[in-house]
Every structure is written in structure tokens, then in C-alpha cells.
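Okay, here's what each chain looks like letter by letter:
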Amino acid sequence: MDIACHREEVLLKPAPHPDRPMALHNLANAIHRRVEESGDLEDLDEIVAIRREIVALCPKPHPDRARFLYNQAVSFSLRFEHLNDAADLEAAVPIYREALKLLPASHPRRGMFFSQFTDCLINRFRIYHNAADMDEAIQLSRDHLMLSVQHPDRATALYELGHRLWKRMEYFQDPKDIDESVQLHCDALRLCPPPAAKQTITLENIGDSILQREPFHLSPEEIAPFPPTQADWMKDLTEVLTARFHLRKDPADIEEALRLGHHVWSLCSEAFQGQRMVLNRLASTFAARFRFGQHNTSDMDQAVRIHKAVLMFSPQRDLKRGFYLNDLAQTLAQLFEHSEVLSDLDEAIRVLHEALPLFPESHPQRINPLNNLANSLYERYKRTGIEADFDESIQLLREAISNQPDRYSNRDISLDRLANAIYSRFQQRGDEADLEEATQLHREALVLRPASNFNRTTSCNNLALCLHERYDQRKDPRDLDEAIELLRETLALSPPSNPDRRAGALNSLANALLTRFQEYNPRNAADVDEAVELHRQALALRHTDNFPRAGTINNLGNALAERYRLHHDDADAEETIEMYREALALCPVSHPDRIRYLDNYACTLADHGQFSTALPFFREAAMYASTSPLQRFRVAKNWAWYAHKLHEASALEAYECSLGLLPQLVTFSLNVEARHVLASSRTRNLGADAASCAIELGRLDLAFMFLEAGRAVFWSQSLNLRTPLDELRISNPGLAAKLTDLAEKLENSSFHVQVRNIYSSDHHKNMATLEAEGAECRRLNDEWNETVRVVRTRVEGFDDFMQHKGFEKLQLAAARGPVVVLTAGQKSCHALILRPRSDGKSQYIKLPMLGPREFVEFLADVLRILVSGRPIHDSEIEDSFVAKMAGRGHRLKARLVYDEGKGPEERMASLLECLWISVVYPVLRCLNIQKSDNPSRIWWCPTGPFASLPIHAAGIYRRNVCTSSADYVISSYTPTLTALLTPSFPPLNSLKATAVIQPTTNLPGYSALPYTTDELHKIQQCIPRQWLTTFGTPQSPASVRRILPHLHTSSIIHFACHGVQDTHKPLHSALVIGNEKLTVEEIMKYTGVHEGSEETEIQKHGPGMGLAFLSACQTAMGDSNAPDEVIHLAATLLFAGFRGVVATMWTMYDPDGPEVAETFYRHLFRHADPDPDFVPPDLNDSAEALHLAVKKLRTRVSFMRWVPFVHYGL
């Protein structure tokens, strides 16, 4: 009868018809059959609803109530099996309990009730990990067994109890459970009757032989097919024996499992549907013997052959084929773990890609191939560095989680795997958001793993590793304390019977204790001694031929190295070197961890005076292909540090290597925010140290090149996307067009925003979308790099295309006047003077009055205190000096520290005098520049802490003596030498000036600026009206949307408004326009490469983007934490295409704006005339115009008011 007929029968028997329950029962059974045939999951809800109605129609004492309750509970279990919703289990458990109470002990179907109820409890255990559920399930199985002493189902009861004990052992690793499980499986087989009369060896014989550890054999004539159920039991027994082998490492167990597996296979008839499954299980048993036994490759060869034989007889679109493919892939992945032959891993990935489509997205077992494919892709990424593999791996893991309900039975495993992958991505790419997410995911996994869960140790350990790493990033002692507490719990939960797990726990705890020793107890030997002892214990648990032993040996070397630094015991030093040497010998050449062992070994050799021996290991590590650029960069910096310290010539090679890796760190595959964070955190002082080394070794040309390569990395990368391609377009228009297209796509993708809300229910789906965008960015980045490589290698004359400029090209930056690069090294400070070629050779002078870098950092601290607007306390300056100089004296200390009672003006005068004596005057003397009423131009390129100091205002400002840099030169700044390679202001055939003021704003925290209106009036008096466009008046209000288009088209643009430097996120530094903020990031985005253009907007508009005047606070303030990245509004406009920018180093006074603007524009437009002959202003005079405006202003205002005005660019 079809479903429609059953529905009609139900309609004919409305409640309270006595036959309605049975009619509903028949309808539910029919729908159930349709679910099994079609897989339509929508039918499940109807089945549950029908079963609920049946029970409602059959209250106590209805004779069939127990049966109908049982069917209702089964409907919930069925829906759980398909949808994995824990609520179905919660509903089923009390219904099973009631049904079991109503069912007589002698009922023939009581065993089925027991079986289904125990399965339900075990499923609930897998979700909540409540040991009470598992214990109750096993007790129910024991009760069932007690009631079936003479029952024909006793064999089934024995098997089910054995099966559940095996599952409990998997969670709690109790050897008693696995032993009893083997006994019960054998007892079950012994009770089974022989399936055919001609078979002389029975299941009873097989069960006895296993228990007595005796071999058993069957000849072909004795073989007769066993019933499918009994064959399944034997197959399960092979798995139980394999599990016991894994636990106890007794070879007899795996040999018996293999013999039994062979016999199960031989006893299965061709008609037996589980034949392929039995054979597949046999292959897995061979793989287990390889993995946990003697590593005999013939076992793996046999396993692979059997797996492939199973696949030959599996239909192409059969779901079971997906399971067999997944098992084959796992075997191949295990083979790769041993062989490190990449073709094995490639085949595993290919097989899993074939398997995945066979599992519907809603299938609960889809998670297995998802996880296995993700793991294999990650392993291949570690060996090959193919970013696409890593991206796909994380996407698959996110899919595995996003398709699970919150209470999915294996959710803890999925969370753990995803967290590990994201943590690895943090280690490779350095994005702290990844570290934060990994930490939170491990916390979620830990909550799902109570103390009774065998995998709790894994979660404790992994969370502790994340917290340990987060401590290294943030130095919050709470993270380290929590990590150590978790690791002590991990160790307590890791018994010696599981040596691998215990060794891992010992290692991790020792590493955390070593960090605590390094950070907090450098003179207390307790932590370092315990770390050494724990590592020795871990080493004792590692097999001599086991690769993890290499990591343990390396970690022991780390602990011994620290203890040597404490006690200077030569025995520790010798053992340290030996440990690192042994770890390196155990590590395969292509393994990603090898770089760490190379680095440790090389650094230790260098520490002990063996640098020549260390050098080849430093070189190998810095060039190591099987790891990320970030890890290579760290090694190259270590190499450079040791070589520089020891005055070794290879220091130049090391610095060149580390600086050359910067573009790979600040890659286009990251958004601008991530690029800035990486550039800021990795480049600090690197260029300055490299330059100092080059100077010491007599390579001034390299000093300039190193400083340029290590400075403004963020901007240099961004500008590569805007490189003019005119010459390339002539030589190879196809490649030029391709680069233009890629530049546009990369620029647009640079501004995607990654907002992570790890507490959102859609977090993983949202992140999957964002990470897919990131993967596309990486693909575009790889294509860009490859195209640039092709240009360099295949287009004649372009071998240095988009590479760091050589010294000859950099020297062109001084074509208009000398450029002075100020650099603060570890030991001393220098001024590198780049001269025009016509004026002779470039040179450098040492600045001995300053001493080491720390004193310049102290000067920058003093300036920040003076301009902060806070009351000044002598102790604050003293504390800064002590912190920076670490107890060392300094000849200029008295001028700055002991000015007790002096106000900001007097202290500022002292600071400017220090800069004059120690920096500016020595430079002017070297250049032989004299005082002049018509001073010449000079460009300052301050690096490191010099970038925060007002070099342009240096001088002696006393009543009887007054001399300053302004008497000698007109000062301009440049963020890089490359910025001065821009062509001069071109002759203008048209002129557009735009003035934007903002007298008031509704944004909170910003006061009114009434003088901006006066400033506009002054500008209008100086610039002819036909050239001037204004915004910010009642007639023409200002807004970001209205202003942005004028950036491209204005020869001159003037902003008189609030400005703010965001010290935490410099890319959010902004001008306040209307009730909005025009940020650095927004300016970058708008002035980038635009769709459909072969040229950038900068090129296309020609005379536009000439001069920008930022009459606003803090527009050239910069980021004191990353001064070499020069992230402020002035630099942004310069890099966006403006050739000159006027800005302020700190807060300006509103009344000064009109006066400076009037003098500036009056001088700039002194010869300009729109009619009758077009005579535009010469924008090359902008530096001179500001020079005169500030000279006039300083005659009547304080230092704080005139010093902040600066000029950038040409």
C-alpha cells in the first residue's frame, strides 16, 4: 500500500476511532521506508509528529503503549542520525525510559529496546561527554545480558556489551574495558552455530583460539559463508584487537587481528553486501600494524593494494565508495608520514577530492573526508609552501564546523583541528587576530571536554600553547600563568601508559617554565632546572627513530642553553651544542621544523665563538624553501645580529637577505591594515642597523640602499601597484596591460575589511567568505609576482624592474640639493649626506654628541612630553632618561634633565639647542653652508627616533645668542629618497585651487575653529577667484563625498580643519570634514588605480595633485612605535601623488592659521596672474613660502606655535 492510501485510511479513522493509532503507525512506517529509499529528510519531521500523536492516543494502560513509545523514541533517534540535533536525543531518552519500564521482562523484543536505548545514551555521551551516560549504557547492556542467559539472543547481548566497552575504552583508555571487550566478542562468536555442515572449524573454535592465543587455520574445502551478522561481529573483533594492540603494543593482538581478518574475508559469500567493508577493514589492519608496529613498508603496500581492490568493485556514485576512498587516503597519508614521499600525499589529496562530492552536505559523516583533506592539504603546504593548499585547508575545516549543530557529537574535534590550523597560520603570517581566534576556539573545545574525556589533555595543551604565544606577543603575565596551570593539568592527565601524549605534555610544560624563567626569574634556577628535568623525562619516552624525538631534543637544548647563561657550566654548553646537532640530524631536509633547528644550532655556535662553523647553517636557514618568509626573516635577522656584533663580512649578506624578504611579508595578499601592522612590527631599526653595519664595513652605497629598503615598506609596496608602466608598455604592451589589470584588482582587494566576531553564530560562514576573498588576493599576488618575474627575465632592459633602487638611481634624489639621512644605530648615530653628482661624492659623518640610539629615543620622549599639553614633572623626564639609558651617563643630560622649574618653552629651547649642537650644525659645517639672506634648500630624511624630532627648527635661542637652521637653509622633509625622484612641479597650463574649511562639526570631542573662516578670507585675498573653489561655507558645505573628487583635479588643495593622528591605528588618522573623517585609508583607496584606466589617476590628471596645505593638527606627527613607516596624513598625500605638502608635527593654534596662510600664499602667488596672459604660481617655491611664513610667525609667538609647521616633498 502506498503512502497516499495510508493517508486516506487515516482520514477515514478520525480520533477517537480505536484503529486510528494503527493506521497512523502504518503511515509512519511507509514514510520511513521512503526516507530510506530517497533520503528526503523533510519526511523525518512528519514521522516524529505522527509518532507523537500515536502515543497521545494510547494513554496508560493501553496494551501497545510501550511499543508505541519505543517507536516514538526511535523516530527521534532516526532524526538525530540524519540531522545531528542534540535536542532529539534529549527528547528520546525519557521516552525510552518509560517504554522500558512498561515492557515485561519476558517480552521477546526487550533486547531491541535495550539496544536502541543504549545507542541513544552513547550518542548523547559523544555530545556532552558525560561519563554517566556511557556508564548507564553499559549497565543496561549488562542487565540485558543477565536476562538472556538461556535466550537465543544471548550472543547478540554479548556482542553489544563488548562493543560498548570498546567504545568506552576509546574515550577513557581503561585497559580493563578492552580486555573484557575481547572476551565478550569471543564469547559471542562461540555461541554462534556453524553456518554449514561441511565446515569443520566453527566460530566457537575461532573464539577459543583467540582467547588462548593459538593460531587457527581454515582450508578451502572447509570454507562456507557465514551469515552477515556474524561476519560483522568478526570484523568488529578485528577492530577491537587492533585497538588493544594500539593500547598495549602487544604484537600478538595485531597478528590475531590480521588472521581473523583474512578468515572473515574468505568466509564472506559474494552475495554478502558487507564483503567490501570486510576487505576494507583488513586493509586498515595492515596499516595499523605498520603504524604502531615495526614500520614494515610491505604492510602499507598490502593495505593500499587491498583498498584499491575494494574500489574496483565499488560503483562510482555509491556513498560507500566515499568511505572506502577516505580510508585509502588515510592509509596513503600515514605512509607519507613515514616515507616523506610527496607523491603519496598528492595521491591522498586526489583521492579525498574524489571522495568529498560523494557525501551530501547534510551527511553527518562528511566531516571525516573534510577533516582528512584539510589535514593532508596542510601537510603538503608545510612541505611545498603552496599558499592555496593552506587556504583550502582552513576553508574545509570551517565548512566542517559551520555545517554542524552546536551540540554535534564530534564538535570538539572539529574545533580543535580548526584552532590548530589557524594557530599555524598565525605562526606563518603573524596576524594576531588569528592567534586570538585560535585561543577562543581552543577554549570552546576545552569546555566540551570535561575531566573524564580522554582528549581533554589535547585541549589543555593546545590552549596553553596559544596562551604561551599570546604572552610572547602581549607580555600579560596572566596568560603565562594560565598556560602553566593548564599544562600541569595536562601532565596529570597523561599517564605513562601513553608515552607520546605524556612526552608532549612534559615538553610543553617545560617550555612554559623556561619562558617564566627568562621573563621573571632570570636568577632563580628552580624553573630552568625543572624545565631541563621535564625535557629529559620527555626524551626518555621518545623512540630513538621517532621524528618527534628531534623536537624534544631541540627543546632540551633550549633549556640547557638558558641554564648555561645562568651558571656558565661548560657541561651545559657542550650538551646544548650536542642536542642541537642531534635534533638537526634527525630532521628530514624538507621538514618545515628544520629551519628552527638550524637557527638554534647556528646561534649557539655563534654564542660560543664558532661563528665560522655557524655561518653555513645560518645561510641554509635563511634560504630554506620549505617554510614561510616570516620564519626566514627571523633567521636572517639573527644571522645579521651575530655577524654585525662580531664584525663579520657576511653581515651585509644577512642584512640584504632580511631586507629582501620584507616585500614578501608585507604582501599584497593582505589588506592595508594587516600590511601596516606587519611592516610596523618587523622593520623597527632594521634599516638603521643595516646602514650602521655597511658604514663600519666601508660601504656607504649599501648604507643608503639598506636605509631605503628598510623604510616606508608599507608605502613602497603600495606604490608598486601605481608604478608608471609607460616604458614597459612600449616594450611589451601585453605584460603592461596584465600588470595594470592585476594592480587594479589588488588595490581594490586591499581595502576589504576583516571583522571577526568569534561569538557570532555565523562566524565560521562569514570567515569562510572573507578567507575565500583572502585566498583570491593571494592568487592575484602570486600572479603579480610571477608577471613581475617574467618582466625582469624576458624583457630586455627590465632586469631591475620594481626592485629596490641601486645607489646610482638613489643619488638622483639629490639633484635639487643635498639630502641628509639621519640614522640612529645601536652604538652611534650618523648623518649620511647624499650630494648632487656635480657637488662631489656623498659622505657620512658620525654624530658623537648623541651616542647610541637610546639617547635619540630619549629626546623624542622629551618632545612628546613637552607637546602633550599636560603639566610637566621633572621626574617624568628623569624616568625616561633612566629607562632609555639604563644607568649610562650622557654629556647632554644636564641640558634636558636638570631644568628643574623650567616651563615648556625653556625646555623646548634646550631640546632645539641639543639638536643644533649634535646634529644640524655638524651637517652644515660638513656641507660648508654659511648663513645667508637667500638660503639654499636642504632635505632631511630622518629615520627611527629622529623622525619625531623638529630638525628644521634646531638652533640656539638665547637672548644674547640666536642662530638657527633657518639662517642657513630652507628645510624640507622627505619620508624616503625615492619620494624625491618624482619629477618637479610641471609648468601649469591651467590652475585649480581648492580650499576646504570646517569651522564647526557635530562630531563629539572637537571644538569649533572660528579662525578657519578668517583663514579662508586670507586665501581668497591671495588667490584669484577664477582659480579658487571653496568648501565649508554656508553656500557650499563640505563633506568627504564632495571633497574626494577634488583631490585628483586640484593643483593646490588647502584644508583648514581638525586633524588627528590615531596612535593605535595610524591608518585611521584623519581630517575632520563636515561630520565625517577623511582617513589615511580613504585617501589611499580613492587615489589608487581605477577601473578601465591604463594609467593611475595621478598620471592621468597631470597638473593636478601638485601642492597640499594641511592647516590642521598632527598631520605630520607619525607613529612613535613605528617611525620608519611614516604613516601620517602628510606622507599619505605625498605618496598619493602630491609633490609638496605643508603639515604640522603636533597641535597647531587656530589663530596662527590665517597668518601663516596669508604669508604663504602671498609669496607663492606674487607673480601669478590669470589675465590677460596666464601666469601660474611656481609651486617649486612652496618650501620657501612656508620658510618665510614661519619666520614671520616666530617673531611673536612661542616655540610650541611656530615649530610644528613643516614642509614635505619638492
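Residues numbered from 1 in each chain as written. Predicted model: local features only at pLDDT ≥ 70, side-chain atom pairs only at ≥ 80, totals over all residues. Heavy atoms only, no water.

- Going by what an unreviewed UniProt entry lists, the protein chain is known as CHAT domain-containing protein and is assigned to Roridomyces roridus.

Digging into the nonpolar core
Moving on, step 1. Counting 221 residues, the largest nonpolar core has Phe946, Phe1055, Ile1073, Val1141, Phe1160 and Tyr1161 as the members making the most contacts within it.
Moving on, step 2. In terms of residue count, helix 42 (residues 904-927) provides more of this core than any other element does, 11 residues in total.
Moving on, step 3. Apart from residues no more than four positions distant in its own chain, valine 1141 is found in contact with Leu1107, Ala1108, Leu1110, Ala1130, Leu1133, Leu1134, Val1206, His1207 and Tyr1208.
Moving on, step 4. In this structure, Leu121, Ala157, Trp233 and Ala243 belong to the second largest nonpolar core, which totals 72 residues. (Core = buried A, V, L, I, M, F, W, Y, C linked by side-chain atoms within 4.5 Å. Buried < 20%, exposed > 50% of the residue type's maximum accessible area, 1.4 Å probe, protein only. Helix = DSSP H or I, 4+ residues; strand = E, 2+ residues; numbered from the N terminus. Contact = heavy atoms within 4.5 Å.)

Details of the pattern of salt bridges
Moving on, step 1. Evaluated as defined, the whole model comprises 64 salt bridges.
Moving on, step 2. Across the salt bridge formed by arginine 142 and glutamate 180, the nearest N and O atoms sit 2.8 Å from each other. In this pair, arginine 142 is assigned in helix 7 (residues 131-146) and glutamate 180 in helix 9 (residues 175-190), connecting sequence segments 38 residues apart.
Moving on, step 3. We note a salt bridge from arginine 563 to aspartate 572, for which the minimum N-O separation is 3.1 Å.
Moving on, step 4. For aspartate 572, a relative accessible area of 6% puts it in the buried group.
Moving on, step 5. A cluster of three or more residues bridged by salt bridges with shared partners is formed by Lys308, Arg321, Glu347, Arg350 and Glu354. (Salt bridge = Lys/Arg side-chain N within 4 Å of Asp/Glu carboxyl O.)

Section: the packing of aromatic side chains
Moving on, step 1. Under the definition given, this model contains 27 aromatic pairs.
Moving on, step 2. Residues tyrosine 96 and phenylalanine 117 carry aromatic rings whose centres are separated by 5.5 Å and whose planes lie at 25 degrees to one another, so their mutual orientation is stacked. With tyrosine 96 in helix 5 (residues 86-102) and phenylalanine 117 in helix 6 (residues 110-128), this residue pair connects regions lying 21 residues apart in the sequence.
Moving on, step 3. Ring centres of tyrosine 957 and phenylalanine 1199 lie 5.1 Å apart, and the angle between their planes is 70 degrees; on these two criteria the pair is classed as edge-to-face. Of this pair, tyrosine 957 sits in strand 5 (residues 955-957) while phenylalanine 1199 is found in helix 50 (residues 1199-1202), placing the two residues 242 residues apart along the sequence. In terms of burial, tyrosine 957 and phenylalanine 1199 fall into one category: buried.
Moving on, step 4. Directly above the ring of tryptophan 166 sits lysine 167, whose terminal nitrogen or CZ lies 4.1 Å from the centroid.
Moving on, step 5. Above the plane of the ring of tyrosine 1149 lies arginine 1201, whose end atom (NZ or CZ) is 5.0 Å from the centre. (Phe/Tyr/Trp six-rings, centres within 6.5 Å; stacked < 30°, edge-to-face > 60°. Lys NZ or Arg CZ within 6 Å of the ring centre and 35° of its normal.)

A few points about the side chain of lysine 167
Moving on, step 1. Here lysine 167 is to be found in helix 8 (residues 154-172).
Moving on, step 2. Lysine 167 sits in the buried class, given a relative accessible area of 17%.

Description of the sheet that holds strand 11 (residues 1059-1060)
Moving on, step 1. With antiparallel pairing, the three strands of this open sheet are ordered in space as 11-12-13. Sheet topology places strand 11 and strand 13 (1076-1079) at the edges, where each strand pairs with a single neighbour.
Moving on, step 2. In this sheet, strand 13 lies alongside strand 12 (residues 1070-1073) in antiparallel orientation, the contact comprising four bridges. Bridge pairing in strand 13 links leucine 1071 to leucine 1078. (Pairing = 2+ DSSP bridges.)

Here we look at the environment of proline 1177
Moving on, step 1. Inspection of the secondary structure assignment puts proline 1177 in the loop between helix 48 (1152-1164) and helix 49 (1182-1193).
Moving on, step 2. Those residues in contact with proline 1177 that sit more than four places away from it in its chain are Leu988, Leu991, Trp1027, Leu1164, Phe1165 and Ala1168.

Things to note about the environment of asparagine 555
Moving on, step 1. Within the fold, asparagine 555 resides in helix 25 (residues 548-567).
Moving on, step 2. Classification of asparagine 555 by relative accessible area gives buried; the value is 10%.
Moving on, step 3. The sequence separation of asparagine 555 and leucine 539 amounts to 16 residues, and the corresponding C-alpha distance is 9.8 Å.
Moving on, step 4. When near neighbours in sequence (up to four residues on either side) are disregarded, asparagine 555 contacts Asn507, Asn511, His535 and Arg596.

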